[in-house]
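Here is how the chains run, residue by residue.
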Amino acid sequence: MSIASTMFRFRDAGGSGHNLAFGLIAAALGAAVFYVDTYTDIEGAIAVLYVVTMLLAAQATTRTGLLVIAAVCAALALLSYATTHRNDADLQSTIRLIVALAALFVTTMLLLKTESARLALLSINSALKESEARYRSIFDRTRVALWERDYSKLRSYLMDLRAQGVTDIKAHARTHPAIIDHCVGLIEVVAANEAARELLDLSPPRAAPCGAPSFRGKRDSLTCCRRSWMAKGSSKTR
């Protein structure tokens, strides 16, 4: 592993160009702050602007990179102070240096905490993607017909009925038989595995969408046949 890969994020979603731009801007700003702080007569805590350098560098660097850049910025601030106040150091300039170093330290700690949270989030997302891929592989390759259904529209419809004062869904369905077909139509099949498509004679897999009428019709036919067989079997055992 190279030093550059240890300090900079080359594999992030934003791309290496995005990270390089932030890195170059941070380097240019750091150099400008050092020049102004060292070679101009501007009085003030110019070194505090190294905080902005850290904020820009945080978009392109790792934890190790943040620590290295923070150390470089602190060294530049100390070098500038030693160069400009070698013989005439006073209390005000010393306080400005301390303020700048304190701001740099606090910013670095906050950025390290943010970087830790980012890495934890990336780890969680990676684990979720692996789990989803594993589930999808099991779902697609199993030889048992499986359907993935979405009941959200049905739930919203039933919640609307409850809001309208309907408390007994069974009694309401007996007085309004059409509601049953309407409720069934609200259930969407969002996915079906290969075994389910073969069972319904919908191969290849993209021959018909999961929510297409032909898919729902064949699926409902199988459901009705199963109920009929179960009814016949139960009548014979009595």
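Caption draft 1: Main features of the overall build of the protein. Looking only at helices and strands, the protein features 10 helices and 2 strands. Seen in sequence order, the protein has helices and strands lined up from the N terminus as α-α-α-α-α-β-α-α-α-β-α-α. Counting only residues that meet the buried cut, the protein has 26% of its 238 residues in that class. In the protein, 64% of the contacts between residues at least 6 apart in sequence involve partners at least 24 apart. Split by element, the accessible area of the protein, about 15,900 Å² in all, is 64% carbon and sulfur.

Caption draft 2: Layout of a nonpolar patch on the surface. Together, Phe 105, Val 106, Met 109 and Leu 110 make up an exposed nonpolar region whose accessible area comes to about 400 Å². Relative to the elements of secondary structure, Met 109 occurs in helix H5 (residues 91-141).

Caption draft 3: Local environment of the pattern of salt bridges. What the rule picks out here adds up to 4 salt bridges. Put simply, Arg 118 and Glu 115 hold a salt bridge, and the shortest N to O gap is 2.8 Å. One end of the pair, Arg 118, and the other, Glu 115, are both in helix H5, 3 residues apart, so they sit about a helical turn from each other. Arg 118 gets classed as partly exposed once you look at its relative accessible area, which sits at 24%. Judged by its relative accessible area of 5%, Glu 115 falls in the buried class. Arg 136 is the salt-bridge partner of Glu 148, the closest N and O atoms lying 3.6 Å from each other. On the criterion of sequence distance, the pair formed by Glu 148 in strand E1 (residues 147-150) and Arg 136 in helix H5 is long-range, its members being 12 residues apart.

Cut-offs used in this document
Residues numbered from 1 in each chain as written. Predicted model: local features only at pLDDT ≥ 70, side-chain atom pairs only at ≥ 80, totals over all residues. Heavy atoms only, no water. Helix = DSSP H or I, 4+ residues; strand = E, 2+ residues; numbered from the N terminus. Buried < 20%, exposed > 50% of the residue type's maximum accessible area, 1.4 Å probe, protein only. Contact = heavy atoms within 4.5 Å. Areas by Shrake-Rupley, 256 points an atom, 1.4 Å probe, with all protein chains shown as cover. Patch = residues over 30% accessible without salt bridge, like charges linked within 9 Å, V, L, I, M, F, W, Y side chains within 5 Å. Salt bridge = Lys/Arg side-chain N within 4 Å of Asp/Glu carboxyl O.

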